[in-house]
Amino acid sequence: MRLLQLIVQRHVFVILLTVFIIILGTYTFFHLEKELTPTVGLDSATIQVEASNLHVDEVERKITIPLEQKLQELEGIKEISSTTSLGHSSLAISFDNGKGDEIFKDVESKTTMVLDNMSEIDHFHVSQNGVNTPFEFIIDVSDGNLDKMTAFTKNILQPRLEELPEVREVMFTGASEHKVDLHFNEANMKDHHLTIHEVVGYIQQINSEGFLGELTDEKESPSLHWDTTFENIDELESLQIPTENGVIKLSEIATIAINPLASSSNTWKNGTKDVIMIQIARKSDVAQAAMTEAVRNELQNIEKEGFVKGFTVNEVIAHADFVQDSMDDVTKNIMIGGVIALVVLLLFLRNVRTTFIIGLSIPTSILLTIIMMGLLDYSMNLLTLIGLGLGIGMMVDASIVILESIYRKKEQGLNNLEAVLEGTKEVATAIIASVLTTIVVFLPIGFIGGDSGKFMLILSVVVAVTLISSVLIAFTLIPTLAKEFMKLKKQKSKKKFIFLSIYENIVSWCIKKKSRSLLVIVASILVFSLSFLLIPKIQMNMMPDIFNRYTEIIIDLENGVSPNDKETIAEKVNDKLSSMDDVKSNYLLDFDDKIIANIVMTTGNEVTKEQDIVTNDIVKTLRELEKTEPIRTVERALDGVSGYPVQVNISGDDFSNLQKMTNELQGEIEAVDGIVRATNTLNDFSTTETIQLDKEKIKEAELSELQIKQHIEQYLWQEAIGTVEWEEEELRLYVHQDNEKMTKDALLQMEIPTKNGEENLSSFITFEKEKMPEQISHKNGERYVSIMADVEEKDLGMINNNIHKVIDRFKTDPDYTITLGGDLEEQNEFMNELLVVFGIALFLVYVVMAVQFNHFGQPLIVMSIIPITIVGVILGLFFTQAELNIMSGLGLIILVGIVLNNAILIIDRTNQLRKTGMTVVDSLIQAGENRIRPILMTTFTTVGGMIPLALATGMSADYQAPLSIVIISGMLFSTFITLLLIPCVYRLFSRN
């Protein structure tokens, strides 16, 4: 009380401190890092290993298994999943919660230890997963001649952009590239008694540079550098090759030609391959907006200087724009939410000065929150912006309760200082309890594991900081301004509102007899129970879309799709997409066994359908191509790359049993309503021709197995053996045997010199067909088979329930296990963790209120409103058809803290009145009358602040809407029930 009196009396200090907060907050706002998503080191890592000369089983034996065994020695690793395919091994590692940064260094070390000395490995890469893409600005060069566009990109665009101080790296794909083909003439080689291995070795020795040593006896000990690399094609053609009969030119035994590099472009834009994609990365200390502005200015300068002729340079995506859109959305929501809050105050208090005081508290609270974000080293990103948007509706609650209490005291005739002190004192306990119950619900967010938990934690911290800031303002600025500026108009007579009279009559009737109170409680329990019937009709997913008017689609291809088939698929995909409304352009990226379609949708006045509807239409339309093209399935992109929403894993040792169980279980899964295009990893087999050697005949011909291998390699040789300069460009040099056909029969007919003369290779080798799996999957070192399927016209939650029923009734041997994978596994884990968090939050809320009320039973009375709140949430999600996802789950946790505030206000005031000697019934009626105005005011300001978020259509709409709908529906429903249910529960469990 003394502290409050000191604050009110030192009003100059409070006002100057407020001015300081406004100035510092404004400065911090403009200097916070602005990015699309927060930079977070996630608790997972990936290892990619390339070994192009190894078969699937060899990759598994030599690379995957040793890596798994070494990594399993580390503590803190939750799971290791691996996928082994031809020449490639991929490991996904998940760490214990919060240990990602710590263990990742050990993973790097162990991986290097295992792989560094393996000669079969081409290269490997270890990376910790994060959401920040290294390239945040993408443009394309298109609508022109590919050679001209390539020259422009290499000679002008890339160098100019890389010179910018804001740019770290510029990478491009799709440019026209050339190579040097060296075709050996087999007959001429035989005439000079040369082999390809001999000539290639000589070329590589000559085409080299390096450090030879130092002249140590010379002054300064100069080093000697050797450089005989080919500077042009003429040098290569005139290279002198030593033979038994003297020296000859390379051109006498080989033809040399410069040819376009086949399939150098793996990108199509709107069906054409004549497009170059340029990706730009910023330096670590540069903001996204700064890099974006610098790149755009440079592109304008390049165009003004006349370098862009006969083609176009187009922006594809700029992450800074998404950030700016989000900031614009939040700014708009702040303004709308603030206006609604002021309108609510005017309607209830009908006092302009009071409205001004609250209006000043909103921006002050926001700027104080931004200062705290700067101290926490948070950036201005999608999640922190949503946190600020959510805080807008709640940040005036404490201020309203205090101001309304002061206002009521002034109505009772107290002078300014007494009204401020008495009014603030009366509600201080309830406000502190209310804020603490709201904040403590965020503490267990840290128990949510995985990457989703890290993002939820950031959002929760911002909301909590917003509430703390608002309370600090409510207890300092509001009393100060109320004492100095708030005045009452003279009122002729006080009349009760009709609503207040009706409310008092209803409450009085319900609590007059305990039997009536019990009836209200039973009715509430019945409503709560019946609401669960609506849960199966609510859509469930994990994460909403990040990008606005942009989507990614994965086109999984069948085995062995040729480049020509891919060209056809790209053309037909473009034909389908071009005919669709709301599709502006499409980019197709070739990733060997799949094509990723990046689709940009129309914006502004050109929009005719919502994004999720357009995305579903795209998937359905492209799936029509599965009937005519070598396409396995078309699916929405998940987790940033690709994946099936439904995945069931069967683990076990015996391969034949695995195959049998997989086929049976897949049949049952296919029968589930909503499941489409089910497949499994056992369907992916390829035929391999394994060479069988006749060792006896090889020995009789006085040959070695190595010689046989070298002759086969010569026939198949198409590797690069070096580089050659050509028109200021470094071209790769490829060696080829002069073969007419590269077939099995032609290889067998190839002649090989022996002691008895030349013999066909068929004398020494045969081929044996072998079916090999295209990929082998492990989980924690154990082989497993995956059944994957897509979902159509059903939400993931309903599919999840049905898949569980199928697995529960499926009979398995004890040695085999069936588990969920993919999105279903993540959803199950998240829902289980959400229930744990919800339970811990309830317990913490109880502890806070028990300490505050110094009573074990009254917190339970307050918490009796939570089931009714859940009813409101279910109704809100059902009627709006919003998804139950990670954001709406977070909204439910936040709601637990918010809805208790109203009940706390009633219980706290009831306790105060009972201490004056009033009966329970009279205290409850009087408490309802005293607190109904602040309860309705805080509810309507919170809901009003959330409405812009719920109705948002901008960048962050998919994130904001589910969360806001949960809070709005839960608050509205629970508020009106609270005013009746809490008095009934209190009456039933209290003694007169």
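Here, every reference points to the structure presented above.
Throughout what follows, the structure given in this document is the object of discussion. Numbering of residues begins from 1 in every chain and follows the order in which that chain's sequence is written. Per-residue local features of the predicted model are confined to residues with pLDDT of at least 70, and side-chain atom pairs are confined, for both listing and counting, to 80 or more; whole-chain, interface and lining totals are unaffected and use all residues. Think of the side-chain values as coming from all heavy atoms in the structure, minus any hydrogens and water.

### Section: a nonpolar patch on the surface
Where we set the bar: To count toward a patch, a residue needs a relative accessible area over 30% and no salt bridge; like charges are then connected within 9 Å, while nonpolar side chains (Val, Leu, Ile, Met, Phe, Trp, Tyr) are connected within 5 Å. Surface accessibility in these figures is a Shrake-Rupley result with a 1.4 Å probe; residues are shielded only by whichever protein chains are displayed. Here, a salt bridge means any Lys or Arg side-chain nitrogen found within 4 Å of an Asp or Glu carboxyl oxygen. Each helix corresponds to a stretch of at least 4 residues labelled H or I by DSSP, and each strand to a stretch of at least 2 residues labelled E; elements are numbered beginning at the N terminus. Exposure classes here rest on a 1.4 Å probe applied to the protein chains alone. A residue is buried below 20% of its type maximum, exposed above 50%, and partly exposed in between.
A cluster of nonpolar side chains, namely Leu212, Leu215, Leu224 and Trp226, defines an oily patch on the protein surface of about 390 Å² accessible area. Examined against the element boundaries, Leu212 turns out to sit in strand 8 (residues 209–214). For Leu212, a relative accessible area of 58% gives the class exposed.

### Digging into unusual backbone geometry
Of note in the backbone geometry, Asp143 takes a positive phi value of approximately 65 degrees without being a glycine. Secondary-structure assignment places Asp143 in the loop between strand 5 (137–142) and helix 5 (146–162). In this structure, His193 is a non-glycine residue whose phi angle is positive, near 55 degrees. Secondary-structure assignment places His193 in the loop between helix 6 (186–191) and helix 7 (196–206).

### Regarding the packing of helix 18 (residues 563–578) against helix 19 (residues 611–623)
Keep this limit in mind: All axes are obtained by fitting lines to C-alpha atoms, using only the stretch in contact for helices, and the reported angles, taken between N-to-C directions, cover 0 to 180 degrees. In this scheme, roughly parallel covers angles under 35 degrees and roughly antiparallel covers those over 145, while 65 to 115 is roughly perpendicular and the rest are oblique. Two helices that cross are described as forming a left-handed crossing if the nearer one is turned anticlockwise from the farther one by less than a right angle, and a right-handed crossing if clockwise. Note on contacts: a residue pair is in contact if any heavy atoms of the two residues lie within 4.5 Å. Throughout, the ten residues Ala, Val, Leu, Ile, Met, Phe, Trp, Tyr, Cys and Pro are labelled nonpolar, Asp, Glu, Lys and Arg are labelled charged, and all others, Gly among them, are labelled polar.
Two elements in contact, helix 18 and helix 19, have axes whose closest approach is 10 Å; the angle formed by their N-to-C orientations is 135 degrees. The angle between the axes of helix 18 and helix 19 places the two elements in the oblique class. In this structure, the crossing between helix 18 and helix 19 has a hand that is right-handed. Between helix 18 and helix 19, the contacting residues are Val573, Lys576 and Leu577 on the first element and Ile618, Thr621 and Leu622 on the second. Looking at side-chain class alone, the contact of helix 18 with helix 19 contains 4 nonpolar, 1 polar and 1 charged residues.

### Some points on the sheet that holds strand 12 (residues 254–260)
Within a sheet, neighbouring strands are paired by backbone hydrogen bonds and run either parallel or antiparallel to one another. Keep this limit in mind: Strands pair, by our definition, only if DSSP identifies at least two bridges between them.
Pairing within the open sheet is mixed, and its 4 strands lie in the order 12-7-24-23. In this open sheet, the two strands that pair with only one neighbour each are strand 12 and strand 23 (720–726). Ignoring which end each strand starts from, the neighbouring axes of this sheet average 30 degrees apart.

### Some details on a negative patch on the surface
Stated formally: Within this scheme the basic residues Lys and Arg register as positive and the acidic residues Asp and Glu register as negative, but His and the chain ends are omitted. Charge positions come from single atoms, namely NZ of Lys, CZ of Arg, CG of Asp or CD of Glu.
There is a patch of like negative charges on the surface, built from Glu209, Asp227, Glu231, Asp234, Glu235, Glu725 and Glu730. One can find Glu725 in strand 23.

### Concerning the side chain of Thr424
By the element assignment, Thr424 lies in helix 14 (residues 416–440). Residue Thr424 is classed as buried on the basis of its relative accessible area, which comes to 2%. Once you skip the residues sitting within four places of it in the chain, Thr424 turns out to touch Leu4, Ile402, Ile406, Ala419, Phe475 and Pro479.

### Points about the packing of aromatic side chains
Defined as follows: Think of it this way: a Phe, Tyr or Trp ring, Trp meaning its six-membered ring, pairs with another when their centres are within 6.5 Å, and the plane angle makes it stacked under 30 degrees, edge-to-face over 60, tilted otherwise. Whether a charge sits over a ring comes down to the Lys NZ or Arg CZ being within 6 Å of the ring centre and within 35 degrees of the ring normal.
Across all of its chains, the model carries 4 aromatic pairs by this definition. It is Lys179 that lies over the ring of Tyr734; its NZ or CZ is 5.4 Å from the centre. Of note, Lys779 hangs over the ring of Tyr784, and the distance from its end group to the ring centre comes to 5.7 Å.

### Notes on the pairing of strand 11 (residues 246–249)
The sheet contact formed by strand 10 (residues 240–243) and strand 11 spans 4 bridges and is antiparallel. Bridging from a neighbouring strand, Gln240 pairs with Lys249 of strand 11. Between strand 10 and the antiparallel strand that follows it, strand 11, lie 2 residues.

### Looking at the sheet that holds strand 13 (residues 267–269)
Spatial strand order, 13-17-18-16-19: 5 strands in an open sheet with antiparallel pairing. The open sheet has two edge strands, strand 13 and strand 19 (631–636), and neither has a second partner. Across the sheet, the mean angle separating the axes of adjacent strands is 20 degrees when strand polarity is ignored. The pairing of strand 16 (residues 550–557) with strand 19 spans 5 bridges and is classified as antiparallel.

### Thoughts on the side chain of Asp582
What counts here: Here a polar contact is recorded for every N or O atom pair within 3.5 Å, except that within protein the pair must consist of a potential hydrogen donor and a potential acceptor, and residues adjacent in sequence are included only if both atoms are side-chain atoms.
Residue position: Asp582 is located in the loop between helix 18 and strand 17 (583–591). A distance of 3.4 Å separates a polar atom in the side chain of Asp582 from the backbone nitrogen of Lys609. When residues no more than four places from it in sequence are discounted, the contact partners of Asp582 are Arg549, Met601, Thr602, Glu606, Val607, Thr608, Lys609 and Val614.

### Overview of helix 17 (residues 514–531)
In an α-helix, one turn spans 3.6 residues; hence positions three or four apart end up facing the same way. As a reminder, the rule being used: Given a helix with a known number of residues, its expected span is that number minus one, times 1.5 Å. The arc in question is traced by the directions running from the helix axis to the C-beta atoms.
The end-to-end C-alpha separation of helix 17 is 26 Å, in line with the 26 Å expected for 18 residues at 1.5 Å each. Three or more residues of helix 17 are buried, namely Arg516, Ser517, Val520, Ile521, Ser524 and Ser531. Buried positions in helix 17, seen along its axis, are confined to an arc of 145 degrees and lie on one side of it. In this structure, helix 17 carries Ser515, Leu519 and Leu526 as exposed residues pointing more than 90 degrees from its buried face.

### Describing the pattern of salt bridges
In the structure shown here, the tally under the stated rule is 27 salt bridges. The partner of Asp140 in a salt bridge is Lys269, with the nearest N and O atoms 3.3 Å apart. A residue pair is termed long-range when its members are at least 10 positions apart, and Asp140 in strand 5 and Lys269 in strand 13 qualify at 129 residues. Put simply, Lys409 and Glu426 hold a salt bridge, and the shortest N to O gap is 2.8 Å. Of the two residues, Lys409 sits in helix 13 (residues 397–411) while Glu426 sits in helix 14, which places them 17 residues apart along the sequence. The class of Glu426 is buried, set by a relative accessible area of 9%. Through salt bridges with shared partners, a single ionic network connects Glu404, Arg408, Lys409, Glu411, Glu426, Arg909, Arg931 and Arg933.

### Overview of the packing of helix 5 against helix 9 (residues 288–304)
In contact at an axis separation of 10 Å, helix 5 and helix 9 are set at 140 degrees when each is read in the N-to-C sense. Between helix 5 and helix 9, the angle is such that the two are oblique. Of the two elements, helix 5 crosses helix 9, and the hand of that crossing is right-handed. Across the interface between the two elements, Phe152, Ile156, Leu157, Arg160 and Leu161 of helix 5 pack against Val295, Glu298, Leu299, Asn301 and Ile302 of helix 9. Across the contact of helix 5 with helix 9, the residue classes break down as 7 nonpolar, 1 polar and 2 charged.

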